[in-house]
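# Structural overview
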Amino acid sequence: MKVLLVSNYSYDRQESMLRFAAVLLAGLRAAGVEVNLVRPEPFFGRLRPSGSGLGKWLGYLDKFLLFPSRLRRLAAETDLVHICDHSNSMYVKHVVDRPHLVTCNDMLAIRSAHGEFPQNRTGWSGRILQRWILAGLRRARRLTCISEATRRDVLRLTGHRPEIVSVTYMGQNFPYAPAAEVAEAAAQRRRGEPFDPAVFTRLGIPAEPYLLHVGGGQWYKNRPGVLAIHAALCERLGRRAPRLLLVGPPCAAPGVEARSEVDNETLAALYSGAEMLLFPSLEEGFGWPIIEAQACGCRVLTTGKDPMTEVGGAAAFYLADPHDAVAGAVAVEQVLTQDEAVRGEAVRAGIENAARFSTERMIGEYLAIYREVLGA
């Protein structure tokens with residue numbers, strides 16, 4: 001079996017999709033599959049390396065003018081083409097006569113272009129692009145989605161028969177696990193026992209209790225909601241409120257720390273030392289930070305709707321309304337004040353839930369779909 005993975009243009013900086021393709025490449029090779037990865041390479045884009053402004057338009061030349069001929073040539077030499085990100089589904093027309101698969105991550109941009117999210121209006125060029133993406137999805141012969149929530153959207157928007165659209169949950173893109181030294185020091189701190197602050201400072205982790213949020217600046221990540229919940233918590237608890245640490249784009253809010261470009265090892269340590277992950281997303285395609293945090297023994301408070309409930313399972317704690325900062329602060333306080341036995345059970349349940357999303361399981365499911373598509 002020869003498989004060609006189609007990944008993302010590097011200047012678009014779709015980091016999660018680049019990591020997904022890299023994990024898939026490594027996992028398939030470990031399983032003995034002959035697999036190669038291809039992506040549009042910057043040529044015109046090198047004049048302005050950016051995913052916005054002029055750089056975006058130069059990138060379109062690389063992606064839609066130069067890349068298709070290369071893709072067609074490579075597709076002709078392979079057994080199956082796997083487009084790893086549905087936002088590249090416009091390439092389906094170049095491989096439609098070859099066995100192929102498209103992974104659908106979320107339909108949020110397409111739904112925005114359809115006017116389903118008034119708080120996130122899409123410009124004219126974005127609407128054209130999303131119509132093009134949707135047309136590619138409608139033309140695809142086999143799709144799989146990273147959550148049941150995404151599958152429901154795909155079926156509704158494409159009109160595909162249910163039997164050609166399945167669900168393949170994401171696997172971890174890094175072997176997240178509790179950083180034992182950090183977790184123990186955090187437990188000692190929480191119990192009011194002496195602890196070695198050097199454990200935290202050595203890894204650049206706050207020595208004081210903190211809430212953690214991991215996410216980009218996209219509207220659906222609800223960063224304003226995170227800040228509002230924390231502000232309401234500070235009003236309730238005063239100086240007893242944990243500080244807030246954001247992993248993602250810079251943030252100018254007073255008293256809030258933001259860190260960008262955090263590597264996986266540091267992120268695992270941050271999860272391990274946090275009081276909880278605060279993740280009140282409005283929408284998601286999957287919600288990787290939920291299982292990353294759980295795998296590291298970090299409790300999770302997220303939004304009580306799919307796919308967050310689908311991914312977090314019974315091990316997470318849920319908000320009825322991510323816009324209600326006061327109710328969110330109450331929920332945070334309730335989790336913070338759990339006794340050690342209840343907290344320990346939540347941590348154990350989270351680690352067990354995160355284990356459902358192993359990379360090995362994901363690779364096995366993709367191999368089964370490949371065999372199905374090839375009729376093997």
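Refer to the preceding data block for the structure.
This write-up is about the structure you can find in this document. (Residues numbered from 1 in each chain as written. Predicted model: local features only at pLDDT ≥ 70, side-chain atom pairs only at ≥ 80, totals over all residues. Heavy atoms only, no water.)

### Re the pattern of salt bridges
The condition is simple: Take a side-chain nitrogen of Lys or Arg and a carboxyl oxygen of Asp or Glu: if they are within 4 Å of each other, that pair is a salt bridge. Secondary structure elements follow DSSP: runs of H or I of four or more residues count as helices, runs of E of two or more count as strands, with numbering from the N terminus. Buried, partly exposed and exposed residues are distinguished by accessible area as a fraction of the type maximum, computed with a 1.4 Å probe on protein chains only: under 20%, between the cut-offs, and over 50%, respectively.
One pass over the full model with this rule turns up 22 salt bridges. Across the pair Arg243 and Glu257 runs a salt bridge whose closest N-O atoms are separated by 3.0 Å. Taken together, the positions of Arg243 in strand 8 (residues 243–247) and Glu257 in strand 9 (residues 256–259) put the pair 14 residues apart, joining distant regions of the chain. For Arg243, a relative accessible area of 30% puts it in the partly exposed group. The salt bridge involving Arg348 is made with Glu345; its shortest N-O contact spans 3.2 Å. On the criterion of helical spacing, the pair formed by Arg348 and Glu345 is a turn pair, its members being 3 residues apart in helix 14 (residues 340–354). The structure contains a network of salt bridges with shared partners spanning Arg111, Glu116, Asp153, Arg156, Glu283 and Lys305.

### Observations concerning the nonpolar core
For soluble globular proteins, nonpolar side chains are generally found buried alongside one another. Here is the rule we go by: Throughout this description, the term nonpolar core refers to a set of buried Ala, Val, Leu, Ile, Met, Phe, Trp, Tyr and Cys residues connected via side-chain atoms within 4.5 Å. In what follows, residue pairs with any heavy atoms lying within 4.5 Å of each other are defined as contacts.
Formed by 57 residues in total, the largest nonpolar core has its most connected members in Leu24, Leu212, Tyr271 and Tyr370. With 7 residues, the top contributor of residues to this core is helix 1 (residues 15–30). Leave out the neighbours within four places in its chain, and Leu212 touches Leu245, Val247, Leu270, Tyr271, Ala274, Met276, Leu277 and Leu278. Grouped together as the second largest cluster of nonpolar side chains are 30 residues, Val95, Ile133, Cys145 and Leu155 included.

### What about unusual backbone geometry?
Geometrically, the link from Asp306 to Pro307 is a cis peptide bond, its omega value of 5° lying close to zero. Inspection of the secondary structure assignment puts Pro307 in the loop between strand 11 (300–303) and helix 12 (308–312). In the Ramachandran plot, Arg13 falls in the positive-phi region, its phi being about 55° despite a non-glycine side chain. Relative to the helices and strands, Arg13 resides in the loop between strand 1 (2–6) and helix 1. One non-glycine residue, Asn222, lies in the positive phi region at around 60°. The topology assignment puts Asn222 in the loop between strand 7 (210–214) and helix 9 (223–237).

### Details of the packing of aromatic side chains
Spelled out, the test is: Within 6.5 Å between ring centres, the rings of Phe, Tyr and Trp (the latter by its six-membered ring) count as paired, and their orientation is classed by plane angle as stacked under 30 degrees, edge-to-face over 60, tilted in between.
A complete count under the given rule lists 17 aromatic pairs for this structure. Their ring planes at 80° and their centres at 6.1 Å tell us that Tyr176 and Tyr271 sit as a pair that is edge-to-face. Note that Tyr176 is positioned in the loop between strand 6 (165–167) and helix 7 (180–190) and Tyr271 in helix 10 (residues 264–273), a separation of 95 residues in sequence. Note on Tyr271: relative accessible area 0%, which makes it buried. Ring geometry for Phe195 versus Phe200: centroids 5.8 Å apart, planes at 80°, classification edge-to-face. Accessibility expressed as a relative area gives 28% for Phe195, which makes it partly exposed. Among the aromatic side chains, those forming a connected cluster through ring pairs are Trp57, Tyr60, Phe64, Phe67, Tyr91, Trp124 and Trp132.

### Points about helix 10
Along an α-helix, a turn takes 3.6 residues, which lines up residues three or four apart on a common side. Keep this limit in mind: Counted as a polar contact is a pair of N or O atoms within 3.5 Å, where, for protein atoms, one must be capable of donating a hydrogen and the other of accepting one, and residues adjacent in sequence contribute only when both atoms are in side chains.
With respect to burial, helix 10 is a largely interior element, 7 of its 10 residues being buried. Leu267, Ala268, Ala269, Leu270, Tyr271, Ser272 and Gly273 are the residues of helix 10 that are buried. In the core, the buried residues of helix 10 are packed alongside helix 7, strand 7, strand 8, strand 9, strand 10 (276–279) and helix 11 (288–295). The N-capping residue of helix 10, defined by a side-chain oxygen 3.3 Å from the backbone nitrogen of Glu265, is Asp263.

### Considering the environment of Ser281
Here Ser281 lies in the loop between strand 10 and helix 11. A C-alpha to C-alpha distance of 8.2 Å links Ser281 and Arg223, two positions 58 residues apart in sequence. If sequence neighbours within four positions are ignored, Ser281 has contacts with Tyr220, Lys221, Asn222, Thr303, Met308 and Pro322. Among the polar contacts made by the side chain of Ser281, one reaches the side chain of Glu284 at a distance of 2.8 Å.

### Points about the sheet that holds strand 3 (residues 80–83)
Using the following cut-off: Criterion used throughout: strands pair if DSSP finds at least two bridges between them. Simply put, an axis is a line fit to the C-alpha atoms, just over the touching stretch for a helix, and the angle between two N-to-C directions goes from 0 to 180 degrees.
Taken together, the 6 strands give an open sheet; going across it, the order is 2-1-3-4-5-6, and neighbouring strands pair in parallel fashion. Across the chains shown, the open sheet's two edge strands, defined by having one partner strand only, are strand 2 (34–38) and strand 6. Adjacent strand axes in the sheet meet at a mean angle of 25° when their direction is disregarded. Sheet topology places strand 4 (residues 100–104) next to strand 5 (residues 143–145); 3 bridges connect them, and they run parallel. Each bridged residue has a counterpart across the sheet, and for Thr103 the counterpart in strand 5 is Thr144. Helix 2 (residues 53–75) contacts strand 1, strand 2 and strand 3 of the sheet and is inclined by roughly 165° relative to strand 1.

### As for the pairing of strand 1
In summary, the side chains of a regular strand alternate between the two faces of the sheet. The element strand 1 is largely enclosed, with a buried count of 4 among its 5 residues. Two elements, strand 1 and strand 2, share 5 bridges in a ladder whose sense is parallel. What sits directly across from Leu4, in strand 2, is Asn36. Where strand 1 meets strand 3, 4 bridges bridge the pair, whose relative direction is parallel. Residue pairing across strands places Leu5 opposite His82, the latter belonging to strand 3.

### Things to note about a nonpolar patch on the surface
As a reminder, the rule being used: Think of a patch as exposed residues, more than 30% relative accessible area, with no salt bridge, where like charges cluster within 9 Å and nonpolar side chains (Val, Leu, Ile, Met, Phe, Trp, Tyr) cluster within 5 Å. We get accessible surface area from the Shrake-Rupley algorithm with a probe of 1.4 Å; when it comes to residues, only the shown protein chains can shield them.
Residues Phe43, Leu61, Leu65 and Leu66 make up a contiguous nonpolar surface patch of about 360 Å² in total accessible area. The residue Phe43 is located in the loop between strand 2 and helix 2 in this model.

Everything listed here is a matter of coordinates, which is why it stays silent on function.
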